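# Fold and contact review
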Amino acid sequence: MFFESLRISLSSIYMNKLRSSLTALGIIIGVLSVTVMGTLISGLDRSFENSMSWLGKDILYISRWEWFSDMEWWEVRNRPRMKLSYEEKIREMSDYALAVSPVIQREASLSFSDKNTQTVIFGTNVEYMETVKEDIQFGRFFTQGEERSAARVTIIGSGIKDAFFEYQDPIGKYIKIDGIKFRVIGVLEKQGKFLGLFSVDYQAILPLGAYTRLFSKRGFMRLSVKVNEKKIDDAKSELQSVMRRIRGLKPGEKDDFAINQTKAFETQYNTLKFAIGGTGLFITILSLIVGGIGIMNIMFVSVKERTREIGVRKAIGATPNMILVQFLFEAIIICVIGGLIGLALAFGASFFINKIFPSTLPLWLSIVSIIMSILVGVISGIVPSYQAARLDPIEALRYE
Amino acid sequence: MSSLISLQNIKRHYEVGDEIVRALDGVDLTINHNEYISIMGPSGSGKSTLMNMIGCLDTPSSGKYEFEGELVHDMDDNQLASIRNRKIGFVFQTFNLLPKATALHNVEVPLIYSNIPKNQRIDKASKSLTEVGLHDRMYHRPNELSGGQRQRVAIARALVNDPSIILADEPTGNLDSKSGAEIMNILDSLYSRGNTIILVTHEEYIANHAHRIINIFDGKIKDDKIVKKK
Ligand SMILES: Nc1ncnc2c1ncn2[C@@H]1O[C@H](COP(=O)(O)OP(=O)(O)OP(=O)(O)O)[C@@H](O)[C@H]1O
Ligand SMILES: [Mg+2]
């Protein structure tokens, strides 16, 4: 009986191919948009997770510039610069700071034999490695002694290693940074792109002493402060008052510095995610409603056209439920076929999205979208099917 | 022998606006196994209404209807569907086949509704088609068949579930005389093999195939007589 109803419904859909496929379009678009949206979000989630683990949830970043704020650039520029001396003061005054690492950075040109590249160099202290999640892959970080004595040693990113040394061992080799010779003592692990935007693998890290002596004390500076992740809010307000004391701000005066944390990224990211998800969901719901109404309409027409057939079927023994099931199946099958087409297109699309940034179409979402198609079929098919089931056989047989 | 069908004071009224149309107005009728009955009467006299009533497509406004001991007037839609499926075979004036299905599938449909497995269905349906002389037309669709052939498919469909009674409402009404004669031959032979047949017709010569002729006028049986011995 089940398979017969299925067969009857299938043949009726087949006989009205064009009409059926036009109706299924709404479902196709609905499923496509919800699954593509899901793919995008899964990809974003993944690259966001990676990038966030690089930043670290237990680090506070003190600088002039507040992340994701709408402050004017000149306002930021008018704030006093960060100073290297803050490091010592924070160590003295803060109970929450577990590690403090000043980081100054600027552009520089690096070269090794005939190869050269333009990149960012960092000057920092020994505690730097505690404030980042990356690890040394080969060699070692510099020591306290090397930092104090302004030793000309450097730790390079894996990108630079690949570009300069290929398969050679870089440890102990000398590279030139803005013409000055530095000995490579370590190589950092490969990190990949940050938020899929820029690579952090082309950096060179120098001891603060050497950086300030050979390059300038100026340049963009921040302080990375490691704290206990569980107490990060308390730590942040303590550091705020520490910074205010350092800067000598009176009560009522506004902060002229910013304390950032990765939460800012999360907030920003969630906003983006909701925007994408919301748009996708809106398109999905809209096209499912339009598709559902279309299918309901087609089903009403189909019941009308086949009134006589319904009469005949009833005369030879079909119960109302059998008629109901036949028409309901028809609506559901159109929706499921639409859903499957949408899903197939979404798989195609996710293949291309995956080439831009790593992402997959989540399996649960594929299943949900098929269930959703079935639901649309049931909801839009139930009223016409019920109408067909309730037809009076004599009236139906007489219908022209 | 207990009767096959017994109608007692059956009324079927339609309300049309303020008026009441008495399509059947107190019909008493008993039909036994292996009878061959013609129902005659002017247009609008209630012949089709009576056939629909006997065929369990319709239920009486009042009165008592017994079919092989089952009380039809008390049945719900599902029970009516089941009794139509198992016990009644319809032949309509306009054939009423499924236009997009083959002859074989058309004959198969009643068996689908009685949950008979596929291989048995094909068996029974093709046997039934062979009986009406259409063994070489099984995979033709209605639009590839002549009127007479279509009506024979309809008869095959009516026969396929071994019904207790075959109801034919003007089965030759849409056919030329030659095809009509063929159909009447088939009905005659079904009768001689023990089937019970009720036939509605306007034509005297068609009615004369039966052994019992009932005349209806204004929803009432005017006369009911045996015209032939078996
Ligand atoms: N659904 C309905 N609503 C109202 N009146 C109806 C309905 N069906 C039948 N009638 C009326 O009942 C009466 C009997 O109709 P029926 O179809 O049984 O006549 P008939 O004897 O078969 O006529 P014909 O020879 O023309 O086929 C007619 O007066 C008809 O108008
Ligand atoms: Mg009639």
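Residues numbered from 1 in each chain as written. Chains lettered and ligands numbered in written order. Predicted model: local features only at pLDDT ≥ 70, side-chain atom pairs only at ≥ 80, totals over all residues. Heavy atoms only, no water.

## As for the interface of chain B and chain A
Counting residues at the interface gives 23 residues for chain B, matched by 21 residues for chain A. At the junction of chain B and chain A, the tally comes to one salt bridge. The salt bridge partner of B:Asp77 is A:Arg390, with a shortest N-O separation of 3.3 Å. Inspection of the chain B/chain A interface yields six residue pairs in polar contact (both at pLDDT 80 or more). Contributing elements (two or more residues each) for the side of chain B that touches chain A: helix H2 (77-87), helix H3 (103-113) and helix H4 (118-131) of chain B. Taken together, the residues that form the side of chain B that touches chain A break down as nine nonpolar, seven polar and seven charged. (Contact = heavy atoms within 4.5 Å. Salt bridge = Lys/Arg side-chain N within 4 Å of Asp/Glu carboxyl O. Polar contact = N/O pair within 3.5 Å; in protein donor to acceptor, adjacent residues only side chain to side chain. Helix = DSSP H or I, 4+ residues; strand = E, 2+ residues; numbered from the N terminus. Nonpolar A, V, L, I, M, F, W, Y, C, P; charged D, E, K, R; others polar.)

## With respect to the site of ligand 1
Neighbouring residues of ligand 1: 16 residues in total, closest B:Ser43, B:Gly44, B:Lys47, B:Ser48 and B:Thr49. One finds residues of chains A and B in close proximity to ligand 1. At 2.5 Å, a side-chain N or O of B:Ser43 approaches an oxygen atom of ligand 1. Within the side chain of B:His202, a nitrogen or oxygen atom sits 3.2 Å from an oxygen atom of ligand 1. Coverage of ligand 1 by the protein amounts to 70% of the 640 Å² it exposes when considered alone. (Near = heavy atom within 4 Å. Areas by Shrake-Rupley, 256 points an atom, 1.4 Å probe, with all protein chains shown as cover.)

## What to know about the side chain of B:His211
Relative to the assigned elements, B:His211 resides in the loop between helix H7 (204-207) and strand S9 (212-217). Here B:His211 falls in the buried class, since its relative accessible area comes to 6%. (Buried < 20%, exposed > 50% of the residue type's maximum accessible area, 1.4 Å probe, protein only.)

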